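One-letter residues, chain by chain:
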Amino acid sequence: MELGSESAAVRRHRVGGERREDPAAAAALQPEREAPAPESLGAAGRGGARTRKRSPGGGAGTGLSEARAVLGLGLYLLALRALVQLSLQRLVLRGPAGSLGEFDARQARDYLEHITSIGPRTTGSPENEVLTVRYLLEQIKLIQDQSNSIHKIAVDVQRPTGTFSLDFLGGFTSYYDNITNVVVKLEPRGGAQHAVLANCHFDSVPNSPGASDDAVSCSVMLEVLRVLSASSEALHHAVIFLFNGAEENILQASHGFITQHPWASSVRAFINLEAAGVGGKELVFQTGPENPWLVQAYVSAAKHPFASVVAQEVFQSGIIPSDTDFRIYRDFGNIPGIDLAFIENGYIYHTKYDTADRIPTGSIQRAGDNILAVLKYLATSDMLASSSKYQHGHMVFFDVFGLFVIAYPSRVGSIINYMVVMAVVLYLGKKLLRPKQKTAHYAKDFFCGLGITLISWFTSLVTVLIIAVFISLIGQSLSWYNHFYVSVCLYGTAAVAKIIFIHTLAKRFYYVNTSDQYLGEIFFDISLFVHCISLITLTYQGLCLAFISAVWIAFPLLTKLFVQKDFKQHGAGGKFLVFYLVGMFIPYLYALYLIWAVFEMFTPILGRSGTQIPPDVVLASILAGCIMILSSYFINFIYLAKSTKKTLVALTLVCGITFLLVCSGTFFPYSSDPASPKPKRVFLQHITRTFHDLDGSVVKRDSGIWINGFDYTGMSHITPHIPEINDTIRAHCEETAPLCGFPWYLPVHFLIKKNWYLPASEVSPRDRAHFRLISKEQTPWDSVRLTFEATGPSHMSLYIRAHTGAVLTQWSLGNGTPVTSRGGDYFVFYSHGLQASAWQFWIEVQVSEEQPEGMVIVAMAAHYFSGEDKRSPQLDALKEKFPGWTFPSAWVCTYDLFVF
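This is a predicted model, so every value here is computed, not measured. Position numbers for residues count from 1 along each chain, tracking the sequence in the order it is written. Local features in this predicted model are restricted to residues of pLDDT 70 or higher, and side-chain atom pairs are both shown and tallied only at a pLDDT of 80 or more, whereas totals for entire chains, interfaces and linings draw on every residue. To get the side-chain values, take all heavy atoms of the structure and skip hydrogens and water.

### Concerning the side chain of Glu313
Labels follow the DSSP assignment, with helices taken as runs of H or I lasting at least four residues and strands as runs of E lasting at least two, numbered in each case from the N terminus. In this structure, Glu313 sits in helix α9 (residues 309-316). Within the buried set, Glu313 has no salt-bridge partner at all; the shortest N-O distance to an opposite charge, 12 Å, is to Arg330. Pairing of N or O atoms within 3.5 Å defines a polar contact, subject to two protein rules: one partner must be a possible hydrogen donor and the other a possible acceptor, and residues neighboring in sequence count only if both atoms are side-chain atoms. In terms of polar contacts, Glu313 uses its side chain to reach the backbone amide nitrogen of Leu545, at 3.1 Å. The residues touching Glu313, leaving out its near neighbours within four places in the chain, are Gly542, Leu543, Cys544 and Leu545. Relative accessibility under 20% of the residue-type maximum defines a buried residue, over 50% an exposed one, and the middle range a partly exposed one, all with a 1.4 Å probe and only protein chains included. Only four residue types enter the tally: Lys and Arg on the positive side, Asp and Glu on the negative side, with His and both chain ends excluded. The working definition used for a salt bridge is a side-chain nitrogen of Lys or Arg within 4 Å of a carboxyl oxygen of Asp or Glu. Here, two residues are considered to be in contact whenever any of their heavy atoms come within 4.5 Å of each other.

Set out below in structure tokens:
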């Protein structure tokens, strides 16, 4: 059918809806839905115009070529990924500086290699309390001897004792005795009233050399101390270097410093150096609380910035089951600070593979450059002395691909966000507030399209979750752990295919005979609207990460306004595609930058997140969410393209083939490759358990090796190698005992509910733990006070459960108020240094009703992490049977339960 140029548009037809018989009438009523096709415009130039109806199959003669669209988008995303990788590589410098007055990574590496050569350094072991402390003091003395005379260096070895409670890991209480801190104060010769603190920890988890966590940070701090002390530039304030010896004991040493050391009162700000991975870049993932001047200090001073308020808000949400000394200084010292951590290659974090040779010298150099610059800036800043004046308000901050950091107050961010919202309101309002006859179909199509988009996202999420649940049920979880591309091919393609499929159905059966350009514009507007709602919600909740939604609105809106004229005149041709993709460059590049960080951190965590959380469900959900975001401004391409058939077939084939390969067990989750190990983590505890009744008689005694796998697969991959570890020896919960009657080292019982108990001979450590009741007395306030004494190795765990009719009201631990762990029992984490006196504590129990089984159950586990007591012949023999792709961390325990 041929029309005049004035009404050159594609007519619309709804299945089962009203049909417009008169083309002229349809043109008059639907001007907003009409868009001239390129052919029509060409014909109009010759005095006539031709339009084509979309065929019932949904194709459009003038649509965008499917091959061109797929190739363009594919190359575009690959180019963006390459740029992200390039920016990440740039973050790691390749060579040491070594110039006078500058940080020298070669010297720091020398410190690192000496510390890690000592071996695992658990609190209370000679390796930690003697050898490492001696080495640190020797190096500090050498630095002191070479220091410039304008500086003064003081050294103190602190041995604090204290107690506190945290709501981390469901809640627990900590007690420490005679642990070690090495503290160094660098200040002007005339002294200083104010100080900035730099914190690292030299202890490690059991059976790991702890190079990245956290020996490398202590090595960086030693080198920073050397450079600052040798500098001829005077400091205005003191710099306190805290080398703490008990961070892995859940933040004990930092608590001992900030609550007891005489220098702590002068600290006005701190920098905490941590690790959640091995090497790479150190990410600023926490700042504050409030005190935006600290972020400005980092922005001004850091040479190689890598910081994100997104990481801060994700970490502080509690999604990541981890915590750092930052929390102690913030909560117990009321001091603002900056928290940095290495995040790459978390697969070998806290394992035997965390060795010095795996940390690139470039990583050490960039970390040292940044820490040196920021400490020097703070130590010469006037704001440090009067930091309380600048403490109010939050900051929006993010680095731009490691080149520089953008930072501004959150109140300014809110203003920017609402300005962006107003721009969207004006843009969409202009379309919706036109005369009714011009906007009726636009409004209806807009909200129908919004519904279709939400349905496509929801069904894509449901699809990947169904696949993930099925994969988990057949025992093939974590198939992507050693091959991340598997997750993209399985869950990513499924999510994309589902989105395309839903929109293809809508295009074919709902938007029949509707202009491609009109639909492209509708779905662009829908994406803009969705991001606008997201921006309003995040801003209203006070989240600084709302800036991402602002970026995802501002740049696409500007792009749309720029290409709109050409799009209406020439349609979705090659020129439009190029300009559109260029306009989307910033939001998509930054999104991929953040997505890399998300998977870099979360993928390894899913390999140690316990037996209760299906990792495939979590990863599939994250991938689906990323696909939804990335697809938002590309959905309109589905409607602009002539067809999506080949794309759907290709995606379905990739997903289907990957699914079959995963189901067949082709992709093994773990790797012992020396270049890139990804081990399975297993805890082996050779224990002897003794249960006493109310009279003190032994009612049960057994021994065995208690086995805990830290991921969802349990022992399914271990059983073929060690047949005796199978489901017939699954550990049974002792319902009457706190925490099921097993010696949990940390209160993670709610994360790991599948464990195994292999019968074994009794253990007989030389330093046997002893626990006894010293006194039992009635208080004037009608409660019973029980006083206990315990002696044993450097690490002990105390578990308490009150019987029915009894309530634990007070104790001599923490702040005096008992804190329950997840499940209602009480968990106390105890540690001591090389030597300590007997641990005495009391609890008060209020009894409302006498029970024949007593008032309270108290159990104590002793953990032997160092020396000969940590080993047993059976434990060593079992450990040797584990395949090379595992990391079995083994030690000896005793467990004694008493009723009072």
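There's plenty left to go through after this.
### Notes on helix α21 (residues 645-663)
By this rule the span expected of a helix is its residue count minus one, scaled by 1.5 Å. The end-to-end C-alpha distance of α21, which contains 19 residues, comes to 27 Å, matching closely the 27 Å that a straight helix rising 1.5 Å per residue would cover. All of the buried residues in α21 are Thr647, Leu648, Leu651, Cys655, Thr658 and Val662. The buried residues of α21 occupy an angular sector of 110° when the element is viewed end-on, so they sit on one face. α21 presents Lys645, Lys646, Leu653 and Leu660 as exposed residues on the side facing more than 90 degrees away from its buried surface. Gly665 lies just past α21 and shows a positive phi near 80°. Directions pointing from the helix axis toward each C-beta atom define the arc.

### Things to note about the packing of aromatic side chains
Two rings from Phe, Tyr or Trp (for Trp, the six-membered ring) form a pair when their centres sit within 6.5 Å of each other. Planes less than 30 degrees apart are called stacked, planes more than 60 degrees apart edge-to-face, and all others tilted. Counted by the stated rule, this structure contains 63 aromatic pairs. The interplanar angle of 65° and the centroid separation of 6.5 Å between the aromatic rings of Trp480 and Tyr481 together place this pair among those described as edge-to-face. Its relative accessible area of 1% is what places Tyr481 among the buried residues. With 5.2 Å between their ring centres and 75° between their planes, Phe683 and Trp891 make a pair best called edge-to-face. Taken as a pair, Phe683 in strand β14 (residues 680-692) and Trp891 in strand β24 (residues 886-899) lie far apart in primary sequence, 208 residues in all. On the accessibility criterion, Trp891 (1% relative accessible area) is buried.

### Let's talk about a nonpolar patch on the surface
For patches, a residue must show more than 30% relative accessible area and have no salt bridge; joins then use 9 Å for like charges and 5 Å for nonpolar side chains, namely Val, Leu, Ile, Met, Phe, Trp and Tyr. The protein chains shown are the only cover counted for residues, whose accessible areas, like all others here, come from Shrake-Rupley with a 1.4 Å probe. Residues Val469, Phe470, Leu473 and Ile474 make up a contiguous nonpolar surface patch of about 370 Å² in total accessible area. Along the chain, Val469 falls in helix α13 (residues 436-473).

### Some details on the sheet that holds strand β19 (residues 795-802)
Note: two strands are recorded as paired if DSSP finds a minimum of 2 bridges between them. The strand order β4-β5-β21-β19-β23-β24-β14-β15-β16 describes an open sheet built from 9 strands, whose pairing is mixed. Sheet topology places β4 (162-166) and β16 (755-759) at the edges, where each strand pairs with a single neighbour. Along the sheet, successive strands turn relative to each other by an average axial angle of 25°, direction set aside. Here β14 pairs with strand β15 (residues 698-709) via 11 bridges, running antiparallel. The partner of Ile687 across the bridge, within β15, is Gly704. Angles shown run from 0 to 180 degrees and are taken between the N-to-C directions of axes, each axis being a line fitted to C-alpha atoms and, for helices, limited to the stretch in contact.

### Regarding the pairing of strand β9 (residues 267-275)
Among the 9 residues that make up β9, 8 are buried, leaving the element largely enclosed by the rest of the structure. Bridge analysis of strand β7 (residues 195-201) against β9 gives 5 bridges, and the strand direction is parallel. In the sheet register, Asn199 faces β9, and the bridge partner there is Asn272. Here β9 pairs with strand β11 (residues 337-342) via 6 bridges, running parallel. Residue pairing in the sheet places Phe270 in a bridge with Gly337 of β11.

### A look at the nonpolar core
Of all hydrophobic cores here, the largest spans 230 residues; its most connected members are Phe241, Phe243, Tyr491, Ile707, Phe771, Trp839 and Ile843. Among residues more than four places away in sequence, those in contact with Trp839 are Tyr175, Phe788, Glu789, Ala790, Met796, Leu798, Leu813, Val828 and Tyr830. Note on terminology: a nonpolar core comprises buried Ala, Val, Leu, Ile, Met, Phe, Trp, Tyr and Cys residues joined through side-chain atoms within 4.5 Å. In this structure, Tyr176, Ala195, Phe750 and Phe829 belong to the second largest nonpolar core, which totals 54 residues.

### Points about helix α7 (residues 252-260)
Extensive coverage of α7 is indicated by the burial of 7 of its 9 residues. By the burial criterion, the buried members of α7 are Gln252, Ala253, Ser254, His255, Gly256, Phe257 and Ile258.

### Observations concerning the pairing of strand β18 (residues 784-791)
Within β18, 6 of the 8 residues are buried, which leaves the element mostly enclosed by the surrounding structure. Where strand β17 (residues 770-778) meets β18, 8 bridges bridge the pair, whose relative direction is antiparallel. Its bridge partner lying in β18, Arg772 is registered against Glu789. The antiparallel pairing of β17 with β18 creates a hairpin that spans 5 residues between the two strands, and Asp782 there sits at a positive phi of about 65°. Across 7 bridges, the pairing between β18 and strand β22 (residues 839-847) is antiparallel. Following the sheet pairing, Thr787 is matched in β22 by Trp842.

### A few points about the state of the cysteines
When the sulfur atoms of two cysteines come within 2.5 Å, that pair is taken as a disulfide. In the structure shown here, the tally under the stated rule is 2 disulfides. Disulfide partner of Cys200: Cys218, at an S-S distance of 2.2 Å. In this structure the cystine formed by Cys200 and Cys218 twists about its S-S bond by roughly 105°; its chirality is therefore right-handed. Of this pair, Cys200 sits in strand β7 while Cys218 sits in helix α6 (residues 211-230), placing them 18 residues apart in sequence. Covalent S-S linkage joins Cys733 and Cys740, the inter-sulfur distance amounting to 2.0 Å.

### Some points on the packing of helix α12 (residues 410-432) against helix α15 (residues 516-540)
It is at 10 Å that the axes of α12 and α15 come closest, and there the two elements cross at 150°. Taken together, the axes of α12 and α15 are roughly antiparallel relative to one another. In the packing of α12 onto α15, the handedness of the crossing is left-handed. When α12 is examined against α15, the residues Ser414, Asn417, Tyr418, Val420, Val421, Val424, Tyr427, Leu428 and Lys431 are found in contact with a partner set consisting of Glu521, Phe524, Asp525, Leu528, Phe529, Cys532, Leu535, Ile536, Thr539 and Tyr540. Within the contact of α12 with α15, the residues separate by chemical class into 13 nonpolar, 3 polar and 3 charged. An angle below 35 degrees is read as roughly parallel, one above 145 as roughly antiparallel, one from 65 to 115 as roughly perpendicular, and any other as oblique. By the definition used in this description, the sense in which the near helix is turned from the far one sets the handedness, with an anticlockwise turn below a right angle giving left-handed and a clockwise turn giving right-handed. Asp, Glu, Lys and Arg are counted as charged, while Ala, Val, Leu, Ile, Met, Phe, Trp, Tyr, Cys and Pro are counted as nonpolar; the rest, among them Gly, fall into the polar class.

### A short note on the pattern of salt bridges
Summed over all chains, the structure comprises 28 salt bridges. Where Lys881 meets Glu724, a salt bridge forms, and the shortest distance between an N and an O atom there is 2.8 Å. Here the residue Lys881 occupies a position in helix α22 (residues 873-881), and Glu724 occupies one in the loop between β15 and β16, the gap between them amounting to 157 residues. A salt bridge links Asp876 to Arg871, with the shortest nitrogen-to-oxygen separation between them at 3.0 Å. Classification of Arg871 as partly exposed rests on a relative accessible area of 49%. Each member of the salt-bridge network shares a partner with another, and the members are Asp167, Asp323, Arg327, Arg330 and Asp331.

### Some words on the environment of Cys532
With respect to the helices and strands, the residue Cys532 is situated in helix α15. The class for Cys532 is buried, based on a relative accessible area of 5%. Separated by 18 residues in sequence, Cys532 and Ala550 place their C-alpha atoms 7.8 Å apart. Sequence-distant contacts of Cys532, defined by excluding residues within four places in its chain, comprise Val421, Val424 and Ile553.

### Comments concerning unusual backbone geometry
The amide bond that connects Asp213 to the next residue, Asp214, takes the cis arrangement and shows omega of 15°. For the bond from Gly288 to Pro289, the omega torsion is 10°, close enough to zero to count as cis. Positionally, Pro289 belongs in the loop between β10 (282-288) and α8 (292-301). A positive phi angle, near 50°, is found at Asn291, a position not held by glycine. If you trace the backbone, Asn291 turns up in the loop between β10 and α8. Even without a glycine there, the phi angle at Cys740 is positive, about 65°. Here Cys740 lies in the loop between β15 and β16.

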